[in-house]
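# What the coordinates show
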Amino acid sequence: MNEIFRNNLLIVIPFSILILIGLIMISSASVFIAEANYNDPFFYISKQLIFVSMGFLAMVFFLIIPSNFLLKIDWLLILISILLLVLLFVPDIGTSVNGSIRWIRVGSIGIQPSEICKFSLIIYISGYCLRRTSELHSLRNFLKPLALLSIISLLILSQPDLGSTAIICLVVVAILFYAGISFFQFSLLTILIAMLGFAAITSSPMRIARMMAYMDPFDPDVVLGSGYQLANSLISIGQGGFLGLGLGNSFQKNFFLPEAHTDFIFAVLVEELGVIGGIFLITVYVVFFIGMLNVALSCMKLNRVFQGLVCFGTTILFASQTLFNISVNIGLLPTKGLTLPFISYGGTSIIIMMSLVAIVLRINNENKLS
């Protein structure tokens, strides 16, 4: 473990800081809603501590197993993910929350298949690109992963969950581009996904309303409806100023800002810790991404293509989801149901992301021994 720590300072240190900040902010942001819903102000932070503990157990597992083992079971991982996505639509199995069927309930435990799918797709597409490295330019081998992506995207979009669909498409396209598809293929794929995204937005009254709210969240016609989340997020950030109101002193988390401990936790962080706190968090993320990207580049130098693609895909996943979440919080993008990696409350999300971090650490340690 000491060797893993020394080899991965640019990953381990920012990762540890992010986990710590996440626990602190969930404890602060969830206190009022936890008291109201469960008569226990520490309900959400208690559960998050359990999730993080499970995440560390998952990290130990993935630190032990060789990365090549994931290559051997990539087909099984993607098959399990698709089955879980299908199970969401089976009566009495899939659970609807806020109009979206995103969770499978097993007793008191909720499993979010779309998060598991992010993990599986990174592993599977990386393995596929390794097996078809010299053939990716052919139409047949280029269309195979796109067919799989289409099936998964339709299943997730049907929940509905446009945010996760966009993240998954972005990650898959990035891995394919890094693996060597032509610029023409990349451009064609980007245009196709953009057209499908436009169609998904314009075909849903709810998404159109969110787009209208995004244009002007304080418009009297939308501020109490589709613009309510964004308007209160911007108020929260504005109240924080440069230095913030102090840890625990957010006003907006007191039933004004919906999803204060999940999707809009960044707004609460800025309100309490100020712009300087937000900049510090973003800086930690940037160092973290650079550390993982360095591992991906090292893999390519050592001709460890599968490992390099997994690390690159993981970096893109974390970076894109972080960018999307913060952009939504500050009004640069329409509202989506995306969590802030390692900071927002969530069981499946934190366990999956911690597992991916462990895989990157394992790969880097293997690189050092090569």
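These figures come from a predicted structure and were not determined experimentally.

What follows deals with unusual backbone geometry. A positive phi is found at Asn-39, a non-glycine position, where the angle reads about 55°. Note on placement: Asn-39 falls in the loop between helix H3 (31–38) and helix H4 (43–64). In this structure Asn-39 comes out as exposed when scored by relative accessible area, which is 63%. Positive phi values are uncommon outside glycine, yet Asn-303 reaches one of about 60°. One can find Asn-303 in the loop between helix H13 (265–301) and helix H14 (305–329).

Below, the discussion takes up the nonpolar core. As a rule of thumb, nonpolar side chains are buried together in soluble globular proteins. In this structure, Phe-288, Phe-318 and Phe-342 are the most contacted members of the largest nonpolar core, which totals 103 residues. Considering every element that reaches this core, the biggest residue donor is H13, with 15 residues. Sequence-distant contacts of Phe-342, defined by excluding residues within four places in its chain, comprise Phe-15, Leu-18, Ile-19, Gly-22, Phe-288, Phe-318, Ile-350, Met-353, Met-354 and Val-357.

Time to look at the layout of surface pockets. The calculated volume of the second largest pocket comes to roughly 260 Å³. When residues of the lining of the second largest pocket are traced back to their parent elements, those giving at least two are H4, helix H5 (67–72), helix H6 (74–87), helix H7 (113–131) and helix H15 (347–369). Broken down by class, the residue content of the lining of the second largest pocket amounts to 13 nonpolar, three polar and no charged.

Taken as a whole and assessed by the stated rule, the structure comprises two cavities of 30 Å³ or more. Put simply, the largest cavity is a space of about 40 Å³. Around the largest cavity, the lining residues are Lys-118, Leu-121, Ile-122, Ile-167, Ile-168, Val-171, Val-172 and Leu-317. Listing elements by their share of the lining of the largest cavity, those giving two or more residues are H7 and helix H9 (162–179). Broken down by element, the lining of the largest cavity gets its largest block of residues, four residues, from H9. Taken together, the residues of the lining of the largest cavity break down into seven nonpolar, no polar and one charged. Estimates place the volume of the second largest cavity at around 30 Å³. What lines the second largest cavity is simply Thr-339, Leu-340, Phe-342, Ser-344, Tyr-345, Gly-346, Ser-349, Ile-350 and Met-353. Its residues placed into classes, the lining of the second largest cavity shows five nonpolar, four polar and no charged.

All right, on to the environment of Ile-276 then. For Ile-276, the location among the structural elements is in helix H13. Separated by 34 residues in the primary sequence, Ile-276 and Phe-242 place their C-alpha atoms 6.0 Å from one another. Setting aside its immediate chain neighbours within four residues, Ile-276 contacts Phe-242 and Leu-243.

Another point: the packing of aromatic side chains. The tally for this structure, following the rule as stated, stands at 14 aromatic pairs. With centroids separated by 5.1 Å and ring planes inclined at 80°, the aromatic side chains of Tyr-44 and Tyr-345 adopt a geometry described as edge-to-face. Placement of the pair is Tyr-44 in helix H4 and Tyr-345 in the loop between H14 and H15, with a sequence separation of 301 residues. You'll find Tyr-44 and Tyr-345 in the same group, each marked buried.

With that settled, the discussion passes to the packing of helix H2 (residues 9–29) against H4. Following both chains from N to C, one finds H2 and H4 inclined at 160°, their axes separated by 9 Å at the closest point. Here H2 lies roughly antiparallel to H4, going by the angle between them. Every pair of crossing elements has a handedness; the one defined by H2 and H4 is right-handed. Across from Phe-15, Ile-19, Leu-23, Ile-26 and Ser-27 in H2, the residues of H4 making contact are Tyr-44, Ile-45, Gln-48, Leu-49, Val-52, Phe-56 and Met-59. Grouping the constituent residues of the contact of H2 with H4 by class yields ten nonpolar, two polar and no charged.

What counts, and at which threshold
Residues numbered from 1 in each chain as written. Predicted model: local features only at pLDDT ≥ 70, side-chain atom pairs only at ≥ 80, totals over all residues. Heavy atoms only, no water. Helix = DSSP H or I, 4+ residues; strand = E, 2+ residues; numbered from the N terminus. Buried < 20%, exposed > 50% of the residue type's maximum accessible area, 1.4 Å probe, protein only. Core = buried A, V, L, I, M, F, W, Y, C linked by side-chain atoms within 4.5 Å. Contact = heavy atoms within 4.5 Å. 1 Å grid on protein atoms, 1.4 Å probe; cavity = no way out; pocket = protein on both sides within 12 Å on 5 of 7 lines; lining within 4 Å. Points joined across faces, edges and corners; volume = space filled by probe spheres on them. Nonpolar A, V, L, I, M, F, W, Y, C, P; charged D, E, K, R; others polar. Phe/Tyr/Trp six-rings, centres within 6.5 Å; stacked < 30°, edge-to-face > 60°. Axes fitted to C-alpha atoms, helices over the stretch in contact; angles between N-to-C directions. Parallel < 35°, antiparallel > 145°, perpendicular 65-115°, else oblique. Left-handed = near helix turned anticlockwise from the far one by under 90°.

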